[in-house]
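# Structural features, examined
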Amino acid sequence: MTMVATRELTMSKAIAEAIAQEMERDPKVFVMGEDVGVYGGIFSATGGLLDRYGEERVMDTPISETAFIGAATGAAAEGMRPIVELMFVDFFGVCMDQIYNHLAKNTYMAGGNIRLPVVLLTGMGGGYNDAAQHSQCLYGLFAHVPGLKIVVPSNAYDAKGLMTSAIRDDNPVMYFFHKGLMGLGWMRYHPRSVNEVPGEAYTVPFGVADVKREGKDVTIVSLAMMVNRALDAADTLAAEGIEAEVIDLRTLVPLDKQTVINSVKKTHRLLIVDEDYLSFGMSGEIAAIVAENALDYLDAPVRRLAVPDVPIPYSRPLENFVLPSADAIAQAVRELTAA
Amino acid sequence: MTMVATRELTMSKAIAEAIAQEMERDPKVFVMGEDVGVYGGIFSATGGLLDRYGEERVMDTPISETAFIGAATGAAAEGMRPIVELMFVDFFGVCMDQIYNHLAKNTYMAGGNIRLPVVLLTGMGGGYNDAAQHSQCLYGLFAHVPGLKIVVPSNAYDAKGLMTSAIRDDNPVMYFFHKGLMGLGWMRYHPRSVNEVPGEAYTVPFGVADVKREGKDVTIVSLAMMVNRALDAADTLAAEGIEAEVIDLRTLVPLDKQTVINSVKKTHRLLIVDEDYLSFGMSGEIAAIVAENALDYLDAPVRRLAVPDVPIPYSRPLENFVLPSADAIAQAVRELTAA
Amino acid sequence: MELSKEKLLEMYREMWTIRLFEEALAAAYMEGKTPAFDIGSGPVPGEMHLAAGQEPVAVGTCMHLTENDTVVGTHRPHHFAIAKKVPLNALAAEIFGKETGLGKGKGGHMHLFDPAHKFSCSGIIGASFPPACGAALAAKKMGKDWVAVAFAGDGAANQGSFHEALNLAAIWNLPVIFVIEDNSWAISVPRSKSTAVADNSQRAIAYGIPGVRVNENDVLAVYEVVGEAVARARRGEGPSLIEVKTDRYFGHFQGDPELYRPENEVSTLKGGDPIKRLGDQMLSQGVATQVELDAARDAAAKDVDDAIAYARQSPYPAPEEALEHVFV
Amino acid sequence: MELSKEKLLEMYREMWTIRLFEEALAAAYMEGKTPAFDIGSGPVPGEMHLAAGQEPVAVGTCMHLTENDTVVGTHRPHHFAIAKKVPLNALAAEIFGKETGLGKGKGGHMHLFDPAHKFSCSGIIGASFPPACGAALAAKKMGKDWVAVAFAGDGAANQGSFHEALNLAAIWNLPVIFVIEDNSWAISVPRSKSTAVADNSQRAIAYGIPGVRVNENDVLAVYEVVGEAVARARRGEGPSLIEVKTDRYFGHFQGDPELYRPENEVSTLKGGDPIKRLGDQMLSQGVATQVELDAARDAAAKDVDDAIAYARQSPYPAPEEALEHVFV
Ligand SMILES: Cc1ncc(C[n+]2csc(CCOP(=O)(O)OP(=O)(O)O)c2C)c(N)n1
Ligand SMILES: Cc1ncc(C[n+]2csc(CCOP(=O)(O)OP(=O)(O)O)c2C)c(N)n1
Ligand SMILES: [Mg+2]
Ligand SMILES: [Mg+2]
């Protein structure tokens, strides 16, 4: 592989590049999933890999998620390093047992005696009217059950470095990409997802949040698409004299609590923005961590903005109503700083 | 059915009685699941029903959870009222798609045009060394995804009344029973789970928490087994002069936020006790609700006691270490009230 | 099986309704998506799976059904919905995300629910099998001779739900017919790379039930084979598995670049178009005149035009309606 | 297939090891559970699924395997583990929840992992099929002639995972053998009420692979049939499905009241005990003497006694170890 200098990449290209570089480096790495071959992945996460590595290492599968995700676990136990794609995270229900009762738990149940280096790659997110079974995030659900590292990048640079870390990790890693951040030619994407990506392989460590923007007035904690919308909101707010600090958690497991706590100790106000369902998920967890660790620093009640516990509706006005927008984020911050 | 006076019942008998009374009342009610017939349910939730109602209405199934839970949805859409048992909630991974993408969402996706009166009955909980795949609670995960009412009783009286409500509800209800509260002849059970149960049918409404014990010093919020352990701890603490208020949420969806908020406004201290995994679950949600709605009333950081994000280990000392005990609850309260 | 002229004309017309509906949607779908294609733009956003070319399996099957029978469709559901007599206006309106749609705009193209006509579908592959068993179970419990049909793609026959549902239906002797539409593709994966048997109907042996493959994209052939299965089910003799060969004219979804597809595949397939085939048969057998065929087609075209117009004119739901209907 | 005296004696001995191990556990399990039975009490708590009577399927299969071959077992896993040569001491210690156990006490009886002997299992029905495909896939990718065996109960053959895995194995031509142990029960549900075919090996037709049923609980019959399947897999000719009739002597789990079971079923089954059967065959064919058979049994008994003693004497893990090993 020729090393190229840093250039702007879309998130899908960054992910595919990380996979290609690790496939080059380690013959044990291979890719399985529906339409990952000729099609290059429905969201282009595996674009170009088939041409380069052939059908032996880039395998299209039947629509049998339980079988092929379970097979990834079995192959990993033998020393392989599978990357397996679950096309949409919304489909987890047909294969959750192999994910959470086996891939996630086997290492623990074996007393640490086996390693399962599997990357479970999956698409998430709404905003393009794909309705209730193709628009969810669900990372909160996977972060709830022990044994999976949970990665949720917001931009191409992080996406590549986190993917490299994921492939090199000896543990199961579930890697969520937001479809609306992939930079696809056929789906509007958030421009902040495209950024400078080094040509050579590099890692972004797990469990280290990124303070995307510093600010003194309020802390906004988020992930993926909502990080970018929070940054948009922060621009608007800055013009109004409100300085928001925007934290991109990047990984939910491990979770960088300290960066959140430190920020709240500085800003005294917390807004959590989540494209996942509101209740019993990520937003609650972050609020709880702050209520445990920085309660006395809070000058106003914690605020949460998330999907209001309804399935994602199809129709545009309905979907727009339930997904947090930059405007809604800005408005929540205004209310929070006024409190 | 002859009406009998109030008497002490175990939770399993109370559940089976509620089901029997509703089967009597409504010929559309029927029961499906593995070993629900001759065996009467592995945890006796359907004990005696086969004898009374026959194989047409109490149906043993193959080990095909996707098929028979999906069939419950299909039958409900035609006007039947199935009660379907998923033997252990831990097995949800083999059938989650039919539960959360269909049973839970179809009503919404249909714009409210269909009713799916299904009760999904399931066993949960640890404490008897059944290890990582047979000991989980997981109600937090189901409460996270919209479209399922989530019921988690702590005692026989509530169990019967909540089951009656569940069967009469026109929406999908997921009904969790803790195995260690069922009063089985072969598994130690918490004595508080056995209480007085009226002979006639009655309902306990959803979304109404029960203040099991009033107290002024600290609020303990919990569910199922942990309610009973919290009450044990409260007895111990009372002898030390600490008055704990113990709240049994009873249902997670709908959630009685107000009772929690009111209690914290009174006691100024909050401990959440959860037999589910700590992070991204029930304990976080309750903490968040309080941080949103009663922040200024808190005199000490919120505390959470839950399974510390590890799979449930098999060996007794390990399992005892991860499940909150009455002692651990009492100790957490002591620390909290000292803070 | 003897078919009256009326039935034949009805089939012909319905196939046209489906074809024209899909073509109208294909056009509407592109509105707002040029010059730059964005899946989320235009009057019909989101994924769009069209069934042009696959009319026979839907029409030949549903012609045997009454409004008491249940149909569960797939992610590619319009042909099934139309054949099951779901009102075209409410169907179109739902696909346009309108208040007047089947699900008030909440469901969208993959999630169509019409309880009055006992039609539903799902975007999850393989998800049709279990609820169809449930509908059949309900019919049995209620002592009715109603049947249920689960449609599924050839790709879906490799999902675990297929196996579980067929076994359950067989062991409980349920009045359900499983109909696999084999268009030889699952997105970009050809059937030969995903399915270990050449003929899915052979899988019936694994459940001790009848299995038949209809090897041509012909509505009359489908009608005949399904007729036996439906009659069997109504007589209380249990489930059947049927596979029907059919042809996907469009991409997997609209916007699919189809780089995986042999160049002339679609044009070759279109050479054996099933609507023309039925029309030609009716003409050659003297069952109908060209004028009658044209009238049927025109009626279909009018229905489709009306439905699309209705959908366009209908109002969007109010944003806050998003919060309603999680529960009834 | 010709079997040497040594192999036959090894089989005989292993079947005894399994039988005695299960009987020893049945006894240990009851310690601390009388007079009042409490599943969580005593040195061996939790559910306990024993495989006495089911020795032939495990021993007849694993006799063909080397330490490079993979076995994935079930919730009733001891016979498979023993036949796959998982060390008895660490196996017993895990079941007793001890630090010296295979999983340091974390896994327990349903979750036994021995990477050195390539053995694992799961408490989830049907969960063995997919990972066995993965092991076979890995062998293929590494260019080895290693095979993988997925064991499963007859009840498991109605899980979706069965279907998906067999199709995947067939389409990818994986060196994997699926072995169904048909003990005619899934807890209280008789096979006749759960499985739509009398012979699960017929389901092989649905995947175009060989399917054979061994109709007696006989280790030599199993050995012969599995031998062909293993040889086939090693030659790169792909997967096979085998069903073996076998007998469950104990309840589904210890403590099962077995009210569903015909009164004399177990005593009748025991009349055809497979260990005695093999012993009698060896005697009548003059392959071994009673003294040699007794010595094999005694050696097995000693191994079991030692293992149970080892398990009892081993220390429990420290409570805080519960927090370790979620990740490596
Ligand atoms: C469980 C699940 N896995 C994957 C998908 C993504 N997906 C949508 S359509 C499709 C192909 C379906 O093929 P087939 O069943 O043959 O139907 P066709 O599209 O050919 O009509 C796939 C893989 C899904 N919707 N659900
Ligand atoms: C997915 C799943 N469903 C249900 C169970 C509960 N369960 C444990 S063993 C068993 C019966 C299994 O029968 P079979 O596969 O024939 O094995 P056997 O017990 O007869 O050895 C059941 C239903 C489970 N463990 N996993
Ligand atoms: Mg297809
Ligand atoms: Mg069995």
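Residues numbered from 1 in each chain as written. Chains lettered and ligands numbered in written order. Predicted model: local features only at pLDDT ≥ 70, side-chain atom pairs only at ≥ 80, totals over all residues. Heavy atoms only, no water.

### Notes on the coordination of the magnesium ion (ligand 3)
Residue and element names in this part refer to chain C.
- Protein coordination at the magnesium ion (ligand 3): the donors are Asp154 (OD), Asn183 (OD1) and Trp185 (O), at 2.0 to 2.1 Å from the metal.
- Counting the intervening residues between successive donors of the magnesium ion (ligand 3) yields the motif D-x28-N-x1-W. Taken together, the residues span a long stretch of sequence, with Asp154 in the loop between β3 (148-153) and α6 (160-171) and Trp185 in strand β5 (residues 185-186) at a distance of 31 residues. The pair Asp154 / Trp185 is uniform in exposure class, with both members buried. (Donors = N, O, S within 2.8 Å, 3.2 Å for Na, K, Ca; no water. Helix = DSSP H or I, 4+ residues; strand = E, 2+ residues; numbered from the N terminus. Buried < 20%, exposed > 50% of the residue type's maximum accessible area, 1.4 Å probe, protein only.)

### Considerations on the site of ligand 1
- Contacts to ligand 1 come from 21 residues, most closely from Glu65 of chain A together with Arg76, Asp154, Gly155 and Asn183 of chain C.
- With respect to ligand 1, the backbone of Gly155 of chain C contributes an N or O atom lying 2.8 Å from an oxygen atom.
- In the environment of ligand 1, an oxygen atom lies 3.4 Å from a nitrogen or oxygen atom belonging to the side chain of His252 of chain C.
- In terms of residue class, the shell around ligand 1 is made up of nine nonpolar, eight polar and four charged. (Near = heavy atom within 4 Å. Polar contact = N/O pair within 3.5 Å; in protein donor to acceptor, adjacent residues only side chain to side chain. Nonpolar A, V, L, I, M, F, W, Y, C, P; charged D, E, K, R; others polar.)

### What to know about the nonpolar core
- Phe142, Ile150 and Tyr175 of chain A together with Phe142 and Ile150 of chain B are the most contacted members of the largest nonpolar core, which totals 502 residues.
- Setting aside residues no more than four positions away along its own chain, Ile150 of chain A makes contact with Tyr139, Phe142, Ala143, Met174, Phe176, Arg250, Thr251, Leu252 and Val253 of chain A. (Core = buried A, V, L, I, M, F, W, Y, C linked by side-chain atoms within 4.5 Å. Contact = heavy atoms within 4.5 Å.)

### Description of the packing of aromatic side chains
- Taken as a whole and judged by the stated rule, the model has 32 aromatic pairs over all chains.
- For the pair Phe43 of chain B and Phe88 of chain B, a centre-to-centre distance of 5.1 Å together with 80° between the ring planes defines the contact as edge-to-face. Taken together, the residues Phe43 of chain B in the loop between β2 (29-33) and α2 (49-53) and Phe88 of chain B in strand β4 (residues 81-88) connect sequence positions 45 residues apart. Each of the two residues, Phe43 of chain B as well as Phe88 of chain B, counts as buried.
- Measuring from centroid to centroid gives 5.1 Å for Trp185 of chain D and Tyr260 of chain D, while their planes differ by 55°, and the two rings are tilted. (Phe/Tyr/Trp six-rings, centres within 6.5 Å; stacked < 30°, edge-to-face > 60°.)

### Description of the confidence of the model for chain C
- This prediction gives chain C a mean pLDDT of 97; 100% of its residues lie at or above 70.
- In the predicted assembly, ipTM is 0.98 and pTM is 0.98. (pLDDT = per-residue confidence, 0-100.)

### Topic: the site of ligand 2
- Lining the immediate surroundings of ligand 2 are 21 residues, of which Glu65 of chain B together with His75, Arg76, Gly155 and Asn183 of chain D lie closest.
- Chains contributing residues near ligand 2 are chains B and D.
- With respect to ligand 2, the side chain of His75 of chain D contributes an N or O atom lying 2.8 Å from an oxygen atom.
- Protein burial of ligand 2: of its 580 Å² of free accessible surface, 99% is covered by the chains. (Areas by Shrake-Rupley, 256 points an atom, 1.4 Å probe, with all protein chains shown as cover.)

### What about the relation of the copies chain B and chain A?
- Mapping chain B onto chain A calls for a screw motion: a turn of 180° about the axis and a shift of 0.0 Å along it, with 0.0 Å RMSD after fitting. What the superposition gives is, in effect, a two-fold axis relating one chain to the other. Distance from the rotation axis, computed per C-alpha, reaches its smallest value in chain B at Gly284 of chain B: 2.4 Å.
- Of all interface residues in chain B, 100% are interface residues in chain A too; the two copies therefore contact each other through one and the same surface. (Least-squares fit on C-alpha atoms with pLDDT ≥ 70 in both.)

### Looking at the sheet that holds strand β6 (residues 149-151) of chain B
Residue and element names in this part refer to chain B.
- Read across the open sheet, the seven strands follow the order β3-β2-β4-β5-β7-β6-β12; overall the sheet is mixed. The two strands at the open ends of the sheet, each matched to only one other strand, are β3 (58-60) and β12 (251-253). Ignoring which end each strand starts from, the neighbouring axes of this sheet average 20° apart.
- Across two bridges, the pairing between β6 and β12 is antiparallel. Bridged to Val151 within β12 is Thr251. (Pairing = 2+ DSSP bridges. Axes fitted to C-alpha atoms, helices over the stretch in contact; angles between N-to-C directions.)

### Considerations on the interface of chain D and chain B
- Contact with chain D, which involves 47 residues of that partner, is made by 38 residues of chain B.
- Of the roughly 3300 Å² buried between chain D and chain B, counting both surfaces, carbon and sulfur atoms make up 62%.
- Our count for the contact surface shared by chain D and chain B stands at two salt bridges.
- Linking Glu55 of chain B and Lys193 of chain D is a salt bridge whose minimum nitrogen-to-oxygen distance equals 2.7 Å.
- On the surface where chain D and chain B come into contact, there are 19 residue pairs in polar contact (both at pLDDT 80 or more). (Buried area = accessible area lost by both parts, 1.4 Å probe. Salt bridge = Lys/Arg side-chain N within 4 Å of Asp/Glu carboxyl O.)

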